[in-house]
Amino acid sequence: MAQQKIVIDPVTRIEGHSKISIHLDDQGLVEAAYFHVTQFRGFEKFCEGRPFYEMPSLMARICGICPVSHLIASAKACDQVLAVRIPPNAARLRRVLNLAQIVQSHALSFFYLSLPDLLLGKDAHPEHRNLLGVVANHPDMARDGVRLRQFGQSAIEMLSGKRIHPAWVVPGGVSSPLAAEHRDCILAKIPEMLTIAGRALDWFKSEMEKFREEIRSFANFPTLFMGLVGENGGLEHYDGQMRFLDAGGRVMADYPDAS
Amino acid sequence: MSRGVDCRVITDLAQPWGKSESSGCHMSLLDTDERIIDIAPLIHLVYGPLVDFKDFPEGVDVTIMEGAVSSEEDLHKIQQVRARTRVLVSLGDCAVAGNVPAMRNKFGAQAVLKRAYLENATLDGQIPREIIARLLPASRPVHELVPVDVFVPGCPPGADLIFSVLSELLAGRIPSPSAKFG
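Residues numbered from 1 in each chain as written. Chains lettered and ligands numbered in written order. Predicted model: local features only at pLDDT ≥ 70, side-chain atom pairs only at ≥ 80, totals over all residues. Heavy atoms only, no water.

A. Looking closely at the overall build of chain A. Within chain A, the regular secondary structure consists of eight helices and eight strands. Taking the principal axes of the C-alpha coordinates as reference, chain A spans close to 65 × 40 × 40 Å. When each of the 259 residues of chain A is scored for burial, the buried share is 41%. A separation threshold of at least 6 residues defines the contact pool for chain A, and within that pool the share at least 24 residues apart is 47%. Within the structure as shown, chain A displays about 14400 Å² of accessible surface, and the carbon and sulfur contribution to it stands at 58%. Charge centroids of chain A, computed over 28 positive and 29 negative side chains, lie 5 Å from each other. (Helix = DSSP H or I, 4+ residues; strand = E, 2+ residues; numbered from the N terminus. Buried < 20%, exposed > 50% of the residue type's maximum accessible area, 1.4 Å probe, protein only. Contact = heavy atoms within 4.5 Å. Areas by Shrake-Rupley, 256 points an atom, 1.4 Å probe, with all protein chains shown as cover. Lys, Arg positive; Asp, Glu negative; His and termini not counted. Charge placed at Lys NZ, Arg CZ, Asp CG, Glu CD.)

B. Here's a closer look at the overall build of chain B. Check the secondary structure of chain B and you find six helices and seven strands. Listed N to C, the secondary structure of chain B is β-α-α-β-β-β-α-β-α-α-β-β-α in terms of helices and strands. With 182 residues in all, chain B has 56% of them scored as buried. Taking as baseline every contact in chain B between residues at least 6 positions apart, the subset at least 24 positions apart corresponds to 78%. In the structure as shown, chain B presents an accessible area of about 8300 Å², 53% of it carried by carbon and sulfur atoms.

C. The arrangement of the packing of aromatic side chains in detail. Scanning all chains against the criterion turns up six aromatic pairs over all chains. On the numbers, 5.6 Å between centres and 70° between planes, the contact of phenylalanine 52 of chain A with tyrosine 53 of chain A is edge-to-face. Exposure remark for phenylalanine 52 of chain A: the relative accessible area of 34% places this residue in the partly exposed category. Taking relative accessible area as the criterion, tyrosine 53 of chain A reaches 56% and is therefore assigned exposed. A centroid spacing of 5.2 Å and a plane angle of 65° characterise the contact between tyrosine 47 of chain B and phenylalanine 56 of chain B, whose relative ring orientation is edge-to-face. (Phe/Tyr/Trp six-rings, centres within 6.5 Å; stacked < 30°, edge-to-face > 60°.)

D. Looking closely at the interface of chain B and chain A. Across the contact, 46 residues belong to chain B and 53 residues belong to chain A. Between chain B and chain A the total buried area reaches about 4400 Å² when both faces are included, carbon and sulfur atoms providing 64% of it. For the pair chain B and chain A, the number of links is nine salt bridges. Of all the secondary-structure elements, those providing two or more residues to the side of chain B that touches chain A are α1 (24-30), α2 (35-39), β2 (43-47) and α5 (109-119) of chain B. If you tally residues by element for the side of chain B that touches chain A, the top one is α5 of chain B, at six residues. Across the side of chain B that touches chain A, the residue classes break down as 27 nonpolar, nine polar and ten charged. (Buried area = accessible area lost by both parts, 1.4 Å probe. Salt bridge = Lys/Arg side-chain N within 4 Å of Asp/Glu carboxyl O. Nonpolar A, V, L, I, M, F, W, Y, C, P; charged D, E, K, R; others polar.)

E. Highlighting the sheet that holds strand β3 (residues 30-37) of chain A. Residues and elements named next belong to chain A. Here we have three strands laid out as an open sheet, ordered β1-β2-β3, and antiparallel in their pairing. Taken across any chain shown, the strands that pair with only one partner, and hence form the sheet edges, are β1 (4-8) and β3. Each adjacent strand pair in this sheet contributes to an overall mean axis angle of 15°, direction not counted. Examined bridge by bridge, β1 and strand β2 (residues 18-24) share five bridges and lie antiparallel to one another. Within β2, the position partnered with isoleucine 6 by the bridge is isoleucine 22. (Pairing = 2+ DSSP bridges. Axes fitted to C-alpha atoms, helices over the stretch in contact; angles between N-to-C directions.)

F. Examining the side chain of serine 28 of chain B more closely. Looking at where serine 28 of chain B falls in the secondary structure, it is placed in helix α1. A distance of 3.5 Å separates a polar side-chain atom of serine 28 of chain B from the backbone nitrogen of alanine 159 of chain B. Setting aside its immediate chain neighbours within four residues, serine 28 of chain B contacts Ile164 of chain A together with Pro156, Pro157, Gly158, Ala159 and Ile162 of chain B. (Polar contact = N/O pair within 3.5 Å; in protein donor to acceptor, adjacent residues only side chain to side chain.)

G. How the structure looks around the pairing of β2 of chain A. Residues and elements named next belong to chain A. Summarising the sheet, β2 and β3 pair through seven bridges and their orientation is antiparallel. Opposite leucine 24, over in β3, you have valine 30 as the bridge partner. Hairpin connection, β2 to β3: the antiparallel pair is bridged by five residues, and glycine 28 has positive phi, about 85°.

Here it is, written out as structure tokens:
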């Protein structure tokens, strides 16, 4: 058997752009596999010479799915450039914005990107194996996904004025407070959103029986783990340190070092 | 008032991602929220990041294109898209005007690649030569390469505007630039 190369191009239903190439040796075994990030725009260079306070809004454009992440990271860097500690309420508001993004991005990933494969079967024809196929065959689940994502996006809009690429997070804090009626509107929707998330998780768990073979074999090998943690080692999304665990769950290192 | 479209007619809709955009425009399209569910029966989604097709098909009714044309692969793709599409929509400021990807133009392709892959690299820095498409000298709006039928500016364009444009197209009409939308 001659050497072969398998190329998956494009990789679809991901939050980004990529190609995968898998090289097989002449026994037909994998000798190398590559994940290629195929998008390049040059942010590292073209921000040079621009005023620093432009950076949060500019960096938001790195990604239209998670602009909030880049907006906040850039604003935090600007806070450090200014050597300021932002008002506590500004930090809380940034945290709420960040959480709203996590809701909408996870809803997108689960319902719009992964659910077609899980629900309609990996071998279903691509013509149906997509969001519109979910709408056609399981409209209740599609509606759940739309509403969960919508909740995150509208919370972002209520906080910042815009769903995608908002400008509200700035060096030194945020540029306006959260109106009381918007706060109440967000709070009022949470029970329904928890119900939707619960329903999706229950369904997901019950479906796992069908994927025993995949669970056993796909990406199932010892790895390190990395995440942001707070003071007590709990999950953090806004501040904290990066923590590295080994495959057994033991802490290997923190960055920056707590000491 | 009767709708201008036969609801049994399925519009073949392609929504490719360019390689020079944020996907914010696609996300803004999804921000039409439950209206997507209402128009879903009228649409055949035939290409784009939400479907698992690898090749751009022939005979597409409407293509909604996001992103500037930045690489040789983008260029090849947009020419193929134009040849196989009846109505081409330039969606968002990157496609309409170059926008953020075009900010690299004054530095030139080599300078941005050097900064990213060599100057900022700590291990084995090298500019990708295989698999990753070569950058064009400049990142350009879609209509500088192929004729465009509809322009929808914004960064991103709002969901209401996108939905108005989509509704007009589904009704068999090209949206009029002088009308007020969204």
